[in-house]
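Descriptive analysis of the structure
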Amino acid sequence: MSAAKKATVVLLALIVLTVSVFSARWWKSEVQMPPKMDFSCFLSEEDVAVAMDRLAHLEKLIDGGKNLAILFEAEQVYEDWERIYHGYLMAQLAYYADMEDPSAEEHFRFAEESYTRGQAEWMRVLKKLYESELFAKKIVFQNWSAGDLAELESSDGEVGELNQAQNELLHRYFDLEWDASAWSEEVAELYLEFVSNANRIAALYGYENYYEYASREIYLRDYDAEERKQFRQSVLRKLLPYYARVAQSYRLALSNLSEEEAALLNVLTEDPCLPENEYLNGYLESYSGEMNTAMNALFDREALFCAEKESAYEIAYSEYSDYLQQPFVFLGYGYQQILTLIHELGHYTAYTHYLSGALPYDLGEVHSQGNEWLFLDYLEERIENEAVYEAFLLYRLQNGLLTVVMSTVVDEFEERVYTAAEGGATPMLRNILSDVWEGVEAESGIRLHRSDFDAYVQQVTMESPVYYLSYAVSEIAAMSLYAEAQTNGYEAAQAIYTELCLEADPALSCREALEAAGLPNPLLWDTMAKIGDAYDSLL
């Protein structure tokens, strides 16, 4: 993928722990209009058998030095794996839509295992070709980046086994009956095993720990440990006190609303948002050209899946299917509010440019969170009741600041856990939790969220390891986009946002893309100070 927690891009360990070997196929595209989305394309045992047989045949061709045949078969194998991965994505979606359906869970486990096993075999065969002297090697790998090739060279059969072990740990985690506000012995031990496996994977790829591996190779971050440290300090010095002021202003704004006004605010913040929502449609129509086409494609292509059962997984996310050449959005039951939909619409729109490509995750979350803030700026002239609009804006600002603080603390917790000495035990885990929380609990408004924090850490560190720093950094950039709208006008901010979604060079890091579009570096103290100044008129 929220306030950040309610609209995330789902990242199971299978995806998070493995950089795609298909990155050589990433490219810039014009806005495309694919067929209408089909969510019923499931994976069969025959699909898997055909793919594995073709992969085995490719290996025989490599062993026999059949250059031309290798090129043809490699393309066919790639198409097989697009199909396998799509089947996995659809099985995951069906399971998330009803986690109490045993048949959906069974099929998801089958698809997950098939993809994980197949991915490991695909890497092994590709590595054999890469280590050969065949002419076909030059063609197959001609567009691969240095990082992709290093990943391939470092790949090992043990990685596949460890990925499967991580999946099993996640399933055990989901099956636990636990109190999310307290780290039980069972949860802590499971998490430490998860960390140990992740660090072993990182070591196989030549990194000292999984935190550094994921930061560089998966999330494509371009800042180091010292910059992270300074960012965390700036958040605590500037935004933590500011959060307390915003929270107080929001409580005051709520207390001053009439019953009718409170009902309207509830519609904006809590009620499920239908595609025909007047505010949503007005916002879409405020864009023109390719941006309008890209945004409306979510609805025109029927690529939005809204879970209808309370047994759905409590999550919202966006994903891209290479097989169908289009993105799609999943909104869990209870995660269908208008800001959640707007958030995921940002991801969806950017996918038309980046496809499944090498998108720095910090920038990916600017697409989603930035869309929320531009939507809020658009609403300023459309919600006639000023008190309701101000309360809605404070609601989003409070959630955004809380996200920045919580995600920053989560990130410090994860870095300390992944870089701790091997053999860490449960007491060590609890000590780190206490230490990182100590820096924020002085603010009374934050202190009230301690139990939420423990639950937050449990969930995100298992499901999306090392990811949540992206939410903190991107929220700062998204708030800068809102400040741009307040300073230079809505259309100027729209132009920046359009560039970030549809025009940015995919080779740029998050900071480089923001700078090229005219937004400040979100890691700097000055940026945070300017954000506070831009919002001060609300307080």
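Everything that follows concerns the structure shown earlier in this document.
Residues numbered from 1 in each chain as written. Predicted model: local features only at pLDDT ≥ 70, side-chain atom pairs only at ≥ 80, totals over all residues. Heavy atoms only, no water.

Once that is clear, we can look at the packing of aromatic side chains. Overall, the coordinates contain 40 aromatic pairs when judged by the stated rule. On the numbers, 5.2 Å between centres and 80° between planes, the contact of Tyr130 with Phe141 is edge-to-face. Of this pair, Tyr130 sits in helix H4 (residues 102–130) while Phe141 is found in the loop between helix H5 (135–140) and helix H6 (146–154), placing the two residues 11 residues apart along the sequence. Each member of the pair, Tyr130 as well as Phe141, carries the same accessibility label: buried. (Phe/Tyr/Trp six-rings, centres within 6.5 Å; stacked < 30°, edge-to-face > 60°. Helix = DSSP H or I, 4+ residues; strand = E, 2+ residues; numbered from the N terminus. Buried < 20%, exposed > 50% of the residue type's maximum accessible area, 1.4 Å probe, protein only.)

Looking now at the sheet that holds strand S1 (residues 304–306). Read across the sheet, 3 strands follow the order S1-S3-S2 without closing on themselves; strand pairing throughout is mixed. At either end of the open sheet lies a strand with only one pairing partner, and these are S1 and strand S2 (316–321). On average, adjacent strands in this sheet sit at an angle of 20° to one another, irrespective of strand direction. Of the strands in this sheet, S1, S2 and strand S3 (326–331) touch helix H14 (residues 338–354), which is tilted by about 15° from S2. (Pairing = 2+ DSSP bridges. Axes fitted to C-alpha atoms, helices over the stretch in contact; angles between N-to-C directions. Contact = heavy atoms within 4.5 Å.)

Now for helix H20 (residues 469–488). For H20, which comprises 20 residues, the first-to-last C-alpha distance of 29 Å matches the rise-based estimate of 28 Å (1.5 Å per residue) to within 8%. For H20, a buried count of 17 out of 20 residues is recorded, marking the element as mostly surrounded by other parts of the structure. Of the residues flanking the end of H20, it is Gly489, one or two places downstream, whose phi is positive at about 105°. (Expected span 1.5 Å × (residues − 1).)

As for its position among the elements, Leu162 is in helix H7 (residues 157–175). Overall, the relative accessible area of 4% leaves Leu162 in the buried class. Measuring from C-alpha to C-alpha, the distance between Leu162 and Gln119 comes to 12 Å, with 43 residues separating the pair along the chain. Excluding residues that lie within four positions of it along the chain, Leu162 makes contacts with Asn197, Arg200, Ile201 and Leu204.

What follows covers the side chain of Asn199. By secondary structure assignment, the location of Asn199 is in helix H8 (residues 185–204). In terms of polar contacts, Asn199 uses its side chain to reach the backbone amide nitrogen of Tyr210, at 2.7 Å. With sequence-adjacent residues up to four places away left out, Asn199 is seen in contact with Asn209, Tyr210 and Tyr418. (Polar contact = N/O pair within 3.5 Å; in protein donor to acceptor, adjacent residues only side chain to side chain.)

Before going further, it helps to spend a moment on the pairing of S3. The buried fraction of S3 amounts to 6 of the 6 residues, a majority that puts the element mostly inside the structure. The alternating pattern of S3 places Gln326, Phe328 and Phe330 and Pro327, Val329 and Leu331 on opposite faces, both of which are buried. Direction of pairing for S2 relative to S3: antiparallel, over a ladder of 6 bridges. Across the sheet, residue Tyr320 finds its bridge partner in S3, namely Pro327. Hairpin connection between S2 and S3: a loop of 4 residues separates the two successive antiparallel strands, and Gln325 in this loop has a positive phi of roughly 55°.

Moving on to the side chain of His347. Turning to its location among the elements, His347 is positioned in helix H14. The exposure class assigned to His347 is buried, which follows from its relative accessible area of 7%. A distance of 3.3 Å separates a polar atom in the side chain of His347 from a polar atom in the side chain of Glu365. A distance of 3.2 Å separates the side chain of His347 from the side chain of Ser368, its partner in a polar contact.

In this section: the environment of Ala97. Tracing the sequence through the fold places Ala97 in helix H3 (residues 67–97). The spatial distance from the C-alpha of Ala97 to the C-alpha of Phe141 is 38 Å, given a sequence separation of 44 residues. With near-sequence residues (within four places) excluded, Ala97 lies in contact with Phe305, Ala307, Lys309, Ala312 and Phe330.

Those residues of H6 lying buried are Asp148, Leu149, Glu151 and Leu152. The arc enclosing the buried residues of H6, seen along the axis, measures out at 155°, which places them on a common side. Against H4 and helix H9 (210–218) lie the buried residues of H6. (Arc of directions from axis to C-beta.)

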